[in-house]
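Listed below are the residues making up each chain.
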Amino acid sequence: MKRIAVLTSGGDAPGMNAAIRAVVRKGHYEGMEVYGINYGYAGLVAGDIRKLTRRDVGDKISRGGTFLYSARYPEFATEEGQLKGIEQLKKFGIEGLVVIGGDGSYMGAAALTRHGYPTVALPGTIDNDIPGTDFCIGFDTAINTVLDSVDKIRDTATSHVRTFIIEVMGRNAGDIALWTGVAGGAEQIVIPDIDFNMEEIANTIQKGRERGKKHSIIILAEGVMNGNEFAEELSKFGDYQARVTVLGHVQRGGSPTARDRVLSSVFGARAVDLLKVGRGGLCVGIVDNKIVENDIIETLNTKKHMPDVSLYKLNQEISY
Ligand code: F6P
């Protein structure tokens, strides 16, 4: 292939810029032309497409967000939207596409694959919930952002002998909660994959208080319920001076960590290697510390993302 394009779609994630940069730089290194598509699939359908030079990606590796912008575009789930997108790609003479994003973006990439258009998908979402990879672009930065807040909240929780419920993102996945719960020494982690018993949570807080513990941190995954509802339920078992912090979109921003920049760079370069030899219909990931590529349709049909629930048990054993 001589001319490829790249787009970012769905919720942005720190490291997307580093991945775009890798696609552009590696593409040029291999003698290809690389085009950027603005606003994800919406921009694809609208033909918002431009050529990217090596300089266009200068000074981008350290930036959060995505300089190609992103959008959620449900219309791309329709055959009509997909064919319009392919028409635009053909109009620009683009032979292969790199899509960076989460589950919706993967669905779009799979649809293009079904139409026979060579596409490679890279996992980019702070939720870390994409099948076929242990880690997604943006997850490491997001958990470090959350951790910074958990550490700060612990200071004030201790001063006032309070319980804090910290609601974190993740959609239906518990990865952010699990990793930040363990890293932040949270007394409780509440995730969608594991049932919780509010009375037991209240008892744990109470016993901690009796042993002289000054704070209780509960990391709540947004997929379970919202923080205020949780506090309301907890208050039925006693007054634990509960306060709620909803971290929200702060988790999606910021300069990517070294780990995210490296992962993004490796993923981006691998996507170009695949398209260079005409291989599409694939999704790239990291499994057991090895970079892998899998058939995207098969991955979506047969694999399911599983959070590392062993972290939950570990946390129960070391933070209570
Ligand atoms: O998928 C990333 C994510 O940040 C989720 O964690 C969250 O539920 C959702 O996107 C928020 O979406 P939006 O930015 O469209 O409100």
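Presented here is a report on the structure given in the accompanying data block. (Residues numbered from 1 in each chain as written. Predicted model: local features only at pLDDT ≥ 70, side-chain atom pairs only at ≥ 80, totals over all residues. Heavy atoms only, no water.)

## Considerations on the overall build of the protein
Turning to step 1, where the next piece is worked out: What the protein contains, in helices and strands, is 11 helices and 11 strands.
Turning to step 2, where the next piece is worked out: In terms of overall size, the protein behaves like a compact globule, its C-alpha atoms giving a radius of gyration of 21 Å where 320 residues would be expected to give roughly 20 Å.
Turning to step 3, where the next piece is worked out: Projected onto its principal axes, the C-alpha positions of the protein cover 70 × 35 × 35 Å.
Turning to step 4, where the next piece is worked out: In the protein, the share of contacts with a sequence separation of at least 24, taken over all contacts with a separation of at least 6, comes to 75%.
Turning to step 5, where the next piece is worked out: When the accessible surface of the protein is summed, it comes to about 13900 Å², and 48% of that surface belongs to carbon and sulfur atoms.
Turning to step 6, where the next piece is worked out: Here the protein contributes 37 positively and 40 negatively charged side chains, and the mean placements of these two sets differ by 7 Å. (Helix = DSSP H or I, 4+ residues; strand = E, 2+ residues; numbered from the N terminus. Rg over C-alpha atoms; globule rule 2.2 N^0.38 Å. Contact = heavy atoms within 4.5 Å. Areas by Shrake-Rupley, 256 points an atom, 1.4 Å probe, with all protein chains shown as cover. Lys, Arg positive; Asp, Glu negative; His and termini not counted. Charge placed at Lys NZ, Arg CZ, Asp CG, Glu CD.)

## Brief notes about the sheet that holds strand E7 (residues 188-190)
Turning to step 1, where the next piece is worked out: Reading across from one edge, E7-E8-E6-E9 is the order of the 4 strands in this open sheet, with parallel pairing throughout. The open sheet is flanked by E7 and strand E9 (242-246), the only strands paired with a single partner. The sheet shows a mean angle of 20° between the axes of neighbouring strands, direction not considered.
Turning to step 2, where the next piece is worked out: Here 5 bridges tie strand E6 (residues 163-168) to E9, and the two strands are oriented parallel to one another. Within E9, the position partnered with Ile165 by the bridge is Val244.
Turning to step 3, where the next piece is worked out: Its contacts with the sheet put helix H5 (residues 139-160) on E6, strand E8 (216-221) and E9, and the angle it makes with E6 is roughly 165°.
Turning to step 4, where the next piece is worked out: Where helix H6 (residues 175-183) meets the sheet, it contacts E6, E7 and E8, and its direction lies at approximately 175° from that of E7. (Pairing = 2+ DSSP bridges. Axes fitted to C-alpha atoms, helices over the stretch in contact; angles between N-to-C directions.)

## Looking at the site of the ligand
Turning to step 1, where the next piece is worked out: Neighbouring the ligand are Arg72, Thr125, Asp127, Met169, Gly170, Arg171, Glu222, His249 and Arg252.
Turning to step 2, where the next piece is worked out: Taking Gly170, its main chain carries an N or O atom lying 3.1 Å from an oxygen atom of the ligand.
Turning to step 3, where the next piece is worked out: For the ligand, an oxygen atom lies 2.7 Å from a polar atom in the side chain of Arg252.
Turning to step 4, where the next piece is worked out: For the ligand, the accessible surface in isolation is 400 Å², of which the surrounding protein chains cover 74%.
Turning to step 5, where the next piece is worked out: Across the shell around the ligand, the residue classes tally to 1 nonpolar, 3 polar and 5 charged.
Turning to step 6, where the next piece is worked out: Of the domains in this structure, domain 1 (3-138 + 256-302) and domain 2 (142-253) are the two that each give at least three residues to the shell around the ligand. (Near = heavy atom within 4 Å. Polar contact = N/O pair within 3.5 Å; in protein donor to acceptor, adjacent residues only side chain to side chain. Nonpolar A, V, L, I, M, F, W, Y, C, P; charged D, E, K, R; others polar. Domains from an automatic or database assignment.)

## As for the sheet that holds strand E4 (residues 96-101)
Turning to step 1, where the next piece is worked out: Taken in spatial order, the 7 strands make up an open sheet running E3-E2-E1-E4-E5-E10-E11, and their pairing is mixed. The open sheet has two edge strands, strand E3 (49-52) and strand E11 (290-295), and neither has a second partner. Going from strand to strand, the sheet's axes swing by 30° on average, the running direction of each strand aside.
Turning to step 2, where the next piece is worked out: Looking at chain direction, strand E5 (residues 119-123) and strand E10 (residues 282-287) are connected through 2 bridges and run parallel. Note that in E10 the partner of Val120 across the bridge is Leu282.

## Focus on helix H7 (residues 198-210)
Turning to step 1, where the next piece is worked out: Taking 1.5 Å of rise per residue, 13 residues should cover 18 Å, and H7 covers 18 Å from first to last C-alpha, within 8% of that figure.
Turning to step 2, where the next piece is worked out: Along H7, the positions that sit buried rather than exposed are Met198, Ile201, Ala202, Ile205 and Gly208. Take H7 and look down its axis: the buried residues cluster within an arc of 125°, on one side only. Projecting away from the buried face of H7 at angles above 90 degrees are the exposed residues Glu200, Lys207 and Glu210.
Turning to step 3, where the next piece is worked out: Packed against the buried residues of H7 are E6, E7, E8 and helix H8 (227-235).
Turning to step 4, where the next piece is worked out: Taking the backbone nitrogen of Glu199 as reference, a side-chain oxygen 2.9 Å away marks Asn197 as the first, capping residue of H7.
Turning to step 5, where the next piece is worked out: With its phi angle positive at about 100°, Gly212 sits one or two positions after the end of H7. (Expected span 1.5 Å × (residues − 1). Buried < 20%, exposed > 50% of the residue type's maximum accessible area, 1.4 Å probe, protein only. Arc of directions from axis to C-beta.)

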